[in-house]
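Observations on chain architecture
Okay, here's what each chain looks like letter by letter:
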Amino acid sequence: MSEQTGHVDTVMVEQRIFPPSQSFASRASIKSLSEYQQLYDAAAADLEGYWAAEARQHLHWFEPFQKTLQWDEPFAQWFVGGKTNASYNCLDAQIAAGRGDQVAILWEGEPGDTRTLTYRDLHCEVCKFANVLKSLGVQPGDVVSIYMPMTPELPVAMLACARIGAVHSVIFAGFSAEAVADRNNDAKAKIQLTSDGLYRRGKVLPLKDTIDEALAKSSTVEKCVVLKRAGNAVQMKNGRDIWWHEAMAQASTDCPATPLDSETPLFILYTSGSTGKPKGIRHTTAGYNLYAKRTFQMVFDHQDDDIFWCTADCGWITGHSYVVYGPLSAGAKILMYEGAPNWPEEDRFWALIEKYRVTILYTAPTAIRAFIKWGDHHVDKHDLTSLRLLGSVGEGINPEAWMWYYNKIGGGRCPIVDTWWQTETGGIMMSPLPGAIATKPGSCTKPLPGVRPRIVDEKGQDVPLGRGGMLCIDHPWPGMLRGIWGDDARYKEQYWTKIPGMYLTGDNARCDTDGYFWIMGRIDDVINVSGHRLSTIEVESALVSHPSVAEAAAVGKPDEIRGQVLSVFVTLRSGQPSDELRTALKMHVRKEIGALAQPDDIHFTSALPKTRSGKIMRRLLRDIASGKEQVGDTTTLEDYTVLAKLRSDDES
Ligand code: WTA
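Here we summarise the structure given alongside this text.

Topic: the pairing of strand E22 (residues 468-473)
Along E22, six of the six residues are buried, which leaves the element largely enclosed by surrounding structure. In this sheet, strand E24 (residues 503-511) lies alongside E22 in antiparallel orientation, the contact comprising five bridges. If you follow methionine 470 over to E24, its bridge partner there is asparagine 508.

Some points on the environment of proline 155
Within the secondary structure, proline 155 sits in helix H7 (residues 153-164). Judged by relative accessible area, which is 1%, proline 155 ranks as buried. Separated by 169 residues in the primary sequence, proline 155 and valine 324 have C-alpha atoms spaced 6.4 Å apart. Leaving out residues up to four positions away in the same chain, proline 155 has contacts with Ile105, Val324 and Met336.

As for helix H13 (residues 348-356)
All of the buried residues in H13 are Arg348, Phe349, Trp350, Leu352, Ile353 and Tyr356. The first or second residue beyond H13 is arginine 357, which carries a positive phi of 55°.

So, the sheet that holds strand E11 (residues 223-227)
Strands pair in a sheet through their backbones, by hydrogen bonds, and they do so in one of two ways: parallel or antiparallel. Taken together, the eight strands give an open sheet; going across it, the order is E12-E11-E8-E6-E7-E14-E15-E23, and neighbouring strands pair in mixed fashion. Both outer strands of the open sheet, strand E12 (241-243) and strand E23 (483-484), are each paired with one neighbouring strand and no more. Inspection of the sheet shows strand E6 (residues 143-146) paired to strand E7 (residues 167-170) by four bridges, in the parallel sense. Across the sheet, residue valine 143 finds its bridge partner in E7, namely valine 167. Against the sheet, helix H9 (residues 207-215) makes contact with strand E8 (191-195), E11 and E12, and its axis sits at roughly 155° relative to E8, the strand it touches most.

Thoughts on the packing of aromatic side chains
With the rule as written, the count across this model stands at 38 aromatic pairs. Note on phenylalanine 300 and tyrosine 322: the rings are 5.9 Å apart at their centroids and 65° apart in plane angle, and the pair reads as edge-to-face. With a gap of 22 residues between them, phenylalanine 300 in the loop between helix H11 (285-299) and strand E16 (307-310) and tyrosine 322 in helix H12 (residues 317-329) connect regions that are remote in the sequence. Take phenylalanine 300 and tyrosine 322: they sit in the same class, and that class is buried. Through a chain of ring-to-ring contacts, three or more aromatic side chains come together here, namely Trp71, Phe75, Trp477, Tyr491, Tyr495, Trp496 and Tyr503. Above the plane of the ring of phenylalanine 175 lies arginine 183, whose end atom (NZ or CZ) is 4.6 Å from the centre. One residue, lysine 228, lies across the ring of tryptophan 243, its end atom 4.5 Å from the ring centre.

Side note on the nonpolar core
Counting residues in hydrophobic clusters, the biggest one holds 121 residues, and the most contacted among them are Leu122, Phe129, Leu193, Phe300 and Tyr325. Considering each element in turn, this core owes the most residues, nine residues, to H7. When neighbours within four sequence positions are excluded, leucine 122 is seen to be in contact with Leu91, Ala104, Ile105, Leu117, Val156, Leu159 and Leu328. Within the second largest apolar cluster, 31 residues are counted, among which are Tyr356, Phe371, Tyr406 and Ile409.

Let's talk about the sheet that holds strand E19 (residues 389-392)
With respect to topology, seven strands assemble into an open sheet ordered E5-E4-E17-E16-E18-E19-E20, the strand pairing being mixed. Looking at the sheet topology across the chains shown, the edges are occupied by strand E5 (114-118) and strand E20 (416-418). Each adjacent strand pair in this sheet contributes to an overall mean axis angle of 20°, direction not counted. Looking at chain direction, strand E4 (residues 103-108) and strand E17 (residues 333-337) are connected through four bridges and run parallel. Each bridged residue has a counterpart across the sheet, and for tryptophan 107 the counterpart in E17 is methionine 336.

Here is what the cut-offs are and how they apply
- Residues numbered from 1 in each chain as written.
- Predicted model: local features only at pLDDT ≥ 70, side-chain atom pairs only at ≥ 80, totals over all residues.
- Heavy atoms only, no water.
- Buried < 20%, exposed > 50% of the residue type's maximum accessible area, 1.4 Å probe, protein only.
- Helix = DSSP H or I, 4+ residues; strand = E, 2+ residues; numbered from the N terminus.
- Pairing = 2+ DSSP bridges.
- Contact = heavy atoms within 4.5 Å.
- Axes fitted to C-alpha atoms, helices over the stretch in contact; angles between N-to-C directions.
- Phe/Tyr/Trp six-rings, centres within 6.5 Å; stacked < 30°, edge-to-face > 60°.
- Lys NZ or Arg CZ within 6 Å of the ring centre and 35° of its normal.
- Core = buried A, V, L, I, M, F, W, Y, C linked by side-chain atoms within 4.5 Å.

Okay, structure coming up:
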């Protein structure tokens, strides 16, 4: 029975394939499949040798490392004995390479205000803020909690911590006071950074008020530095709260980067575990920095004249790796935008791309699906011909959304890099190299050099090509998490116990006969209909390929006879919910993937529950589908009203 073996059945067939154009490939640093394959095979044959050479070439070393990898499963140390500094690699090394006067950050606020920082400007701000932190008593190893809007001060704060060996914990500025306090307490944060307020869709959200509430419950936090951003009234607590601009006015610009051991903790980033207890993913200096930099350069085929825009907030790993550490240590020019994609109009992203001549756009499927729903006319108003490459991250991208992104945004000209990775992996693990690997809509294609994925069953045996199974990584890599903050046992149990000797990603995947990987969703989300184990994304993609459907989520609902039946939640792109449409959608899925995957019930809803980073929360939908009164943990839910809406949509 497939249940015991860990297999997952596949029902999806996608035959479209898009090779890179000649003109793209000829400019790219890796130009052909055979070039990729040679690089991959050479790295796989000697992983440690590969990473050692990469590290020597691509990081600045105050002292060289003695040993490439110390592996005491599941604890890894990379580049042992070496000393480097991530802030140095992002700033001083760029200035030394002649990029001092080159733009580092092009920034636009939601109200339309703009700023430009060169590498030298950024260096100056970071040095000053590092001195502010020192003046507040921050020592190497102390944790600094950051709850700020996407202004340049957010990367400044991160890099200032990195400069002096403090550990940052960035908390997305949409979390509640309770969530901030939980994270602060878990990390034993010493300093809090925040702003008076944050602009969101034309309104000001009072961040400082949230922080006041959070700090009342965060006993370890001694000081709070407050950036003036929105000008809203705040209460400054005497002895605890300091204005950012006042502290900076007195700070010296002289702050050499501290040479830090390779394994010095760089940051903690909390992700939601299935239990609801926050899980602080711990990343360290050298390995993470190298991994972010090299994956950035390879996957985005970065060239000197690129303007790179990753739309993620620094509160997520994507913002850490591809707004800050990856691009800056590669000397890139980045665009940073503070606000919402639909403010003042639903064309803001396209207006920004046109204005700043963005060449590479990296965003998430949840955003792409929203753009499709908002309509093509918003896109048509703008000149997007500066774009040469598109990226996607965070969830699987349904093939029809992929096609829209490719044609409508990329003009049929730009390769799409569908990048698979996790907070835990530190950087991209699987993705097309855009000049070398032909893309297939919905596949993250192939592993990057130095990464060895495996798809295995419950016993850790490789499943045959084409079969779905558990995605694991069978050798440590420099960007991997080093643990869960303060909880080694949970780290071991969650990632290294079920399949001995391999890192368990928690995702299912299959590999096709061309060696392309297809992510099938989280292991916990598999739907078991009459002994067939179906993946969520395949059913959802079939629904999204119907012209009326904008988004879909598929979950299993208990059924006495069949084990589970399929229950799907659908938001519409056009048209009204009706019984006819319900029947039409069932028939559509039946036609696309077969009777087995025909949904038992279809719920029309105006919105799906999502995490604050935009992932569909199938766990909550499962509870709703099976009629539970109480749904599970909702602390990471983005919009609480969605739950109420789902219930009432359902009754109608
Ligand atoms: C999912 C985000 C399919 C996956 C960088 C993974 C994806 C989880 C993709 C990690 C992709 C991310 N295709 N699924 N390209 N990218 N995922 O920690 O389930 O926020 O395990 O890191 O998102 O999410 P996280």
